[in-house]
Amino acid sequence: MGYLNNQVVTIDAILTKKGRELLAKGDGSFTITQFALSDDEIDYTLYNPSHPSGSAYYGEAIENMPLLEAFPDETQIMKYKLTTLPRGTAVMPIISLGQSNISLRQTAATSITPQTLNYLSGNNTFEPSGYTFTISDVRLFSNFTATGVNTAAATALNTNSTSTNGTNVSKTVIGTTLTMTATGVNTLFGSNNTLYATLIVVGRDSGARVQIPVTISKTSTSV
Amino acid sequence: MSFKSIDPQDLVISTDSITATIWSNNNPTLINYFTSSVQVATNTGQYYYSVYQTASTDSTAAVQFNVAYCDLLGSGSEFYNNAVTGSSPTRTNYGQYRTLILGDENAGFIFGNYSASYFYALNIERARYKEKLFPGTMTMYLSGSSGKISLTDDSKVAASITFKDAGRVFNLVSGSAGTVFTGTNTNGWAGGANSTSGSYGWFLPDVGLILLNAQALSSSIALGGIGLLTSRSFDTADNNPARIVDSLKIAGANNFGWTLNSEETLSSDFIFVRARNGEFNYSENPSFISGSTGAVLYNSFINNPTTYITTVGLYNQTNELVAVAKLSRPLPKDFTKELLVRVKLDF
């Protein structure tokens, strides 16, 4: 007879850059109300369902791997979320943006309307709860707004979505269509002619995620 | 769905007290004391001396505490203006600490049974003590011409706590680590119960301040002092703070240092993350699928998927990631497993 392990796994959390920003605002937006789990760093090709020692060893190469510490950059962590789907799911939802990157000149605007493949038995589906759009550096846009979802959470996020506070922080909005306008501020470029950011789109129902690079090119006429 | 609401009962706020040594590099006892000739020569040197744990020119040098001499009559330093007798940095110091601690311009510093018109103020650098000093942990050795004494606060034996404008006030008494010396002086004060010089001073943990009664320290060793000579010349820079630093140095040179801990209140959120058997069994990880069709990597994953949890993300109502925690190793999750993780978030 042995002892059963009754210990609860305990881990220490750190604030993200966004968390610090919201905590500093002091307007109640920091309040933690939900969680998500992710499998960042896991390579499922290491899972071996043909392991000669049996099913207890299928995940041997994954379960013993050391993990990195948490990153405070909210755009670089929680990339691949675990999702709750019906048992028997054979294909995972995939988000389609219709483009693999976004290139804009200063003050130019563009819109994106994502679709989700392999979700709710449809080939191309607009998720009912919409999508979260996260840009890694909000300073690069004079306008970053989403429309099409009218929930309280979407309204709270989309309010003031066009304001930049001068710091390199991410910005998240909720909707079915994203409209973004590249900044006209030349000083952000410094001695460079191009600015870079990443856009992350996550389906709020499916959990599907896609990330694409965004490039802003400097024009000499902008002020 | 990727997000799961946290049940209000799964979020607990806890407050813990954290104690640590106050000196740099987690050194429990300070035995080396250095001043900066540059700082002493500047205007601030007329008010206080900064004390470092190593030579002030060393790259690791950090101010540990400051020593100020305070005098009601303005003695021990040059007057600001010869036309105004008594108005000097030491008088300014006295008024500053009187306002801070007593909050009444008519009040005086009474150490035990002695009303003091001059004393030394040792204020600990804020970065060292963090929130407050931890009463009952101090042992400070001072050496002088009459010998050596060790001082501590009487928080462990005080019948009640005295509060002033600067918070809690304890008497500095003879002893160590909060244990009051009861050998010859039953109350631990210099000169015993009939002392004419009172206690050795005050210990004010909430503002990181220690006041040393110069009169008590000037007594002979037989009366509980160390023969510390405090000079009270008019309109003369007597550099009295250096006398306290020297007293600490002499004791430290014989490995009798200054031990003191800090106390910090740390508020933590404990969030219990529960993943039920039917939840979080599929992944959006690119390696979980094969090709661009979205098909799961292995056929066995269709009915018996296994995911590996490495990260817990905490979100606000608008899906913004505000805190994140990593596990030390991947935890497998499938339709036969449930998970309970306690996430601790310190503020």
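Here, the structure is the one placed above.
The shown structure was predicted, so the numbers you read here are calculated from the model rather than taken from an experiment.

Visitor: Lay out the overall build of chain A with the relevant residues and their values.
Guide: Counting its secondary structure elements, chain A contains 3 helices and 14 strands. Within chain A, buried positions represent 48% of all 223 residues. Sequence separation of 24 or more characterises 69% of the internal contacts of chain A that already satisfy a separation of 6 or more. Carbon together with sulfur atoms contributes 50% to the accessible area of chain A, which is approximately 10,900 Å² in total.

Visitor: Which residues make up the interface of chain A and chain B, and what values go with them?
Guide: Opposite the 72 residues of chain A that make contact, chain B presents 71 residues. Here chain A meets chain B over a buried area of about 6,800 Å², counting both sides, of which 60% is carbon and sulfur. Between A:K18 and B:E320 there is a salt bridge whose closest N-O contact spans 3.8 Å. The interface formed by chain A and chain B contains 43 residue pairs in polar contact (both at pLDDT 80 or more).

Visitor: Summarise the sheet that holds strand β6 (residues 109-112) of chain A; cite the residues concerned and give the values.
Guide: Residues and elements named next belong to chain A. Strand order in the open sheet formed by 3 strands is β6-β12-β10, with antiparallel pairing between adjacent strands. The open sheet has two edge strands, β6 and β10 (141-147), and neither has a second partner. For this sheet the average axis-to-axis angle between neighbouring strands, irrespective of direction, equals 10°. Taken together, the 6 bridges between β10 and strand β12 (residues 177-182) define a ladder with antiparallel strand orientation. Bridging from a neighbouring strand, N143 pairs with T181 of β12.

Visitor: Residues and numbers for the pairing of strand β14 (residues 209-217) of chain A, please.
Guide: Residue and element names in this part refer to chain A. Relative to β14, strand β5 (residues 102-105) runs parallel, the two sharing 4 bridges. Following the sheet pairing, I102 is matched in β14 by V214. Relative to β14, strand β13 (residues 194-203) runs antiparallel, the two sharing 9 bridges. From the neighbouring strand, Y196 faces β14, where its bridge partner is T215. The antiparallel pairing of β13 with β14 creates a hairpin that spans 5 residues between the two strands, and G207 there sits at a positive phi of about 80°.

Visitor: Report on empty space enclosed by the protein, specifying residues and quantitative values.
Guide: Taken as a whole, this structure holds 1 cavity of 30 Å³ or more when the rule is applied. Taken as a whole, the largest cavity holds about 240 Å³ of empty space.

Visitor: Requested: an account of the side chain of A:R209, with residues and values cited.
Guide: Along the chain, A:R209 turns up in strand β14. Although buried, A:R209 forms no salt bridge, and the nearest oppositely charged side chain, A:D40, lies 7.1 Å from it. In this structure the side chain of A:R209 is engaged in a polar contact, spanning 2.8 Å, whose partner is the backbone oxygen of A:K79. In this structure the side chain of A:R209 is engaged in a polar contact, spanning 2.8 Å, whose partner is the side chain of A:Q211. Each residue touching A:R209, except ones within four places of it in the same chain, is listed here: A:T75, A:M78, A:K79, A:Y80, A:I95, A:I200, A:V201, A:V202 and B:E284.

Visitor: Kindly report on the pattern of salt bridges, identifying the contributing residues and their values.
Guide: Applying the stated criterion across every chain, the model contains 12 salt bridges over all chains. Across the salt bridge formed by B:K132 and B:E131, the nearest N and O atoms sit 3.6 Å from each other. A network of salt bridges, in which partner residues are shared, links A:K18, A:E21 and B:E320.

Visitor: Tell me about the packing of aromatic side chains, residues and numbers included.
Guide: All names here are of chain B. Here the structure, examined in full by the defined rule, presents 30 aromatic pairs over all chains. Relative to W258, the ring of F65 has its centre 4.9 Å away and its plane inclined at 70°; by these criteria the two rings are edge-to-face. Taken together, the residues span a long stretch of sequence, with F65 in strand β6 (residues 63-71) and W258 in strand β18 (residues 258-259) at a distance of 193 residues. Like W258, F65 is buried. On the numbers, 5.3 Å between centres and 50° between planes, the contact of Y69 with Y120 is tilted. Within this pair, whereas Y69 is found in strand β6, its partner Y120 is found in strand β9 (residues 118-124), the two being separated by 51 residues in sequence. Its relative accessible area of 2% is what places Y69 among the buried residues.

Visitor: Let's hear about the environment of B:L212: which residues, and what values?
Guide: Residue and element names in this part refer to chain B. Along the chain, the position of L212 falls in strand β17 (residues 209-213). For the pair formed by L212 and Y200, sequence separation is 12 residues and the distance between their alpha carbons is 5.8 Å. Sequence-distant contacts of L212, that is, excluding residues within four places in its chain, are made with F119, Y120, L122, M140, L142, L151, L172, Y200, L217 and I244.

Visitor: An account of the nonpolar core is needed here, citing residue identities and associated values.
Guide: Within the largest apolar cluster, 43 residues are counted, with the highest numbers of intra-cluster contacts made by A:I32, A:L37, B:V273, B:L314 and B:V343. Those elements that place two or more of their residues in this core are β1 (9-15) and β2 (34-38) of chain A together with β19 (261-275), β23 (307-315), β24 (321-333) and β25 (339-346) of chain B. Those residues within four positions of B:V273 in sequence are excluded, and the remaining contacts are A:F35, A:L37, B:V312, B:L339, B:L340, B:V341 and B:V343. Counting residues in each nonpolar core, the second largest holds 35 residues, with B:L142, B:L151, B:L172 and B:I210 among its members.

Visitor: An account of unusual backbone geometry is requested, with residue identities and associated values reported.
Guide: All names here are of chain B. The backbone phi angle of N26 is positive, close to 55°, even though this residue is not glycine. Here N26 is to be found in the loop between β2 (11-21) and β3 (29-30). Backbone geometry at N255 places phi at a positive 65°, although glycine is not the residue there. Positionally, N255 belongs in the loop between α5 (241-253) and β18. Overall, the relative accessible area of 61% leaves N255 in the exposed class.

Visitor: Could you give an account of the pairing of strand β11 (residues 139-144) of chain B, with specific residues and numbers?
Guide: All names here are of chain B. Both β11 and β18 contribute to a ladder of 2 bridges, which runs antiparallel. Paired with T139 across the bridge in β18 is T259. Pairing between β11 and strand β12 (residues 147-153): 5 bridges, direction antiparallel. Bridging from a neighbouring strand, L142 pairs with I149 of β12. If you look at the hairpin formed by β11 and β12, you'll find 2 residues sitting between the two strands.

Visitor: If you had to explain helix α1 (residues 17-25) of chain A to someone new, which residues and values would you point to?
Guide: Residues and elements named next belong to chain A. Regarding α1, the residues found buried are K18, G19, E21 and L22. Buried residues along α1 cover an arc of 160° about the axis, so they all sit on one side. Away from the buried face of α1 by more than 90 degrees, exposed residues R20 and A24 are located. Looking one or two residues beyond α1, the residue adopting positive phi is G26, at roughly 65°.

The rules we used
- Residues numbered from 1 in each chain as written.
- Chains lettered and ligands numbered in written order.
- Predicted model: local features only at pLDDT ≥ 70, side-chain atom pairs only at ≥ 80, totals over all residues.
- Heavy atoms only, no water.
- Helix = DSSP H or I, 4+ residues; strand = E, 2+ residues; numbered from the N terminus.
- Buried < 20%, exposed > 50% of the residue type's maximum accessible area, 1.4 Å probe, protein only.
- Contact = heavy atoms within 4.5 Å.
- Areas by Shrake-Rupley, 256 points an atom, 1.4 Å probe, with all protein chains shown as cover.
- Buried area = accessible area lost by both parts, 1.4 Å probe.
- Salt bridge = Lys/Arg side-chain N within 4 Å of Asp/Glu carboxyl O.
- Polar contact = N/O pair within 3.5 Å; in protein donor to acceptor, adjacent residues only side chain to side chain.
- Pairing = 2+ DSSP bridges.
- Axes fitted to C-alpha atoms, helices over the stretch in contact; angles between N-to-C directions.
- 1 Å grid on protein atoms, 1.4 Å probe; cavity = no way out; pocket = protein on both sides within 12 Å on 5 of 7 lines; lining within 4 Å.
- Points joined across faces, edges and corners; volume = space filled by probe spheres on them.
- Lys, Arg positive; Asp, Glu negative; His and termini not counted.
- Phe/Tyr/Trp six-rings, centres within 6.5 Å; stacked < 30°, edge-to-face > 60°.
- Core = buried A, V, L, I, M, F, W, Y, C linked by side-chain atoms within 4.5 Å.
- Arc of directions from axis to C-beta.

Fair warning: the whole summary comes from geometry, so function is off the table for now.
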